[in-house]
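Tertiary structure, described
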Amino acid sequence: MAETESSQQIFWDNLTALCGSAFAGEMTGFSRPADDGWLDKDVVMHVRECNDQEIRIPLHVGNDRSRTWVLTRQDDALRLKHDHRHQDGSEDAVTWYGGHTTDDGRAWRQTFPVDAFSKALFLAQGLDASVGNFWSMEIRPGEQLFAYELVRSGRRFRAEFDLNRPVEPPPAPWGHDDATE
């Protein structure tokens, strides 16, 4: 009998199938006033770089090109990290935070509880509430939806992207060799 693909492998394959494409999104869950700066901005995700071990997805909020989601395959888990950069390409003080999956998840949704490195970073930066973060990503090809979500006590942030409506890929995120300005 053939071995069935894991939920993580199906999720990975569905995400890499989008490589090179960009999609406009909208906020469908937010906390005020924490997320007010996102509400009047165009939000675009770009599945920009993909290989067997890593997927990089810059997230543009208006003209802000500081954010990139970095998914990495590990032996028995997926890891999500957030690469935050300044316009000059230098790393933000709060960068490379995220977490690892703790189970196979679902083919359409993977959840990443905050890891020890991120907890220490958040505490060092005075972001105590963030030590309870859970991030999730969803990709539902049949529904043509990609979603990114952050939840913790007192906060829920969610952005959804319509996979039926690709947009022109945006400029490179800050800190990449081909980024300008």
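Structure's up top.
The model shown is predicted, which means the values in this text are computed figures rather than measured ones. (Residues numbered from 1 in each chain as written. Predicted model: local features only at pLDDT ≥ 70, side-chain atom pairs only at ≥ 80, totals over all residues. Heavy atoms only, no water.)

Looking only at helices and strands, one finds three helices and eleven strands in the protein chain. The secondary structure elements of the protein chain, listed N-terminal to C-terminal, are α-β-α-β-β-β-β-β-β-β-α-β-β-β. At a minimum sequence separation of 6, the contacts of the protein chain that also span at least 24 residues come to 48%. Surface accessibility of the protein chain: about 9300 Å² in total, with carbon and sulfur atoms responsible for 46%. Computed over 19 positive and 31 negative side-chain charges, the inter-centroid distance for the protein chain is 5 Å. (Helix = DSSP H or I, 4+ residues; strand = E, 2+ residues; numbered from the N terminus. Contact = heavy atoms within 4.5 Å. Areas by Shrake-Rupley, 256 points an atom, 1.4 Å probe, with all protein chains shown as cover. Lys, Arg positive; Asp, Glu negative; His and termini not counted. Charge placed at Lys NZ, Arg CZ, Asp CG, Glu CD.)

What follows deals with helix α3 (residues 116-124). Considered for burial, the residues of α3 that qualify are Ser118, Leu121 and Phe122. Seen from one end, α3 has its buried residues packed into an arc of 95°, which puts them on one side. Turned more than 90 degrees away from the buried face of α3 sit Ala116 and Ala124, all of them exposed. Considering only its buried residues, α3 is in contact with β6 (78-84), β7 (97-100) and β9 (134-140). Positioned one or two residues after α3, Gly126 has a phi angle of 75°, which is positive. (Buried < 20%, exposed > 50% of the residue type's maximum accessible area, 1.4 Å probe, protein only. Arc of directions from axis to C-beta.)

Turning our eyes to something else, we now look at the pattern of salt bridges. When charged atoms on two side chains of opposite charge get close, those side chains can pair. In total, this model carries 17 salt bridges according to the counting rule given. Taking the shortest distance from any N to any O, the salt bridge between Asp40 and Lys41 comes out at 3.4 Å. Under the relative-accessibility criterion, Asp40 is labelled exposed at 63%. Looking at Lys41, the relative accessible area reads 38%, which means it is partly exposed. Between Arg85 and Glu91 there is a salt bridge whose closest N-O contact spans 3.8 Å. Overall, Glu91 belongs to the partly exposed group, its relative accessible area being 43%. Linked through salt bridges whose partners overlap, the residues forming this network are Arg109, Glu138, Arg140, Glu143, Glu149, Arg156, Arg158 and Glu160. (Salt bridge = Lys/Arg side-chain N within 4 Å of Asp/Glu carboxyl O.)

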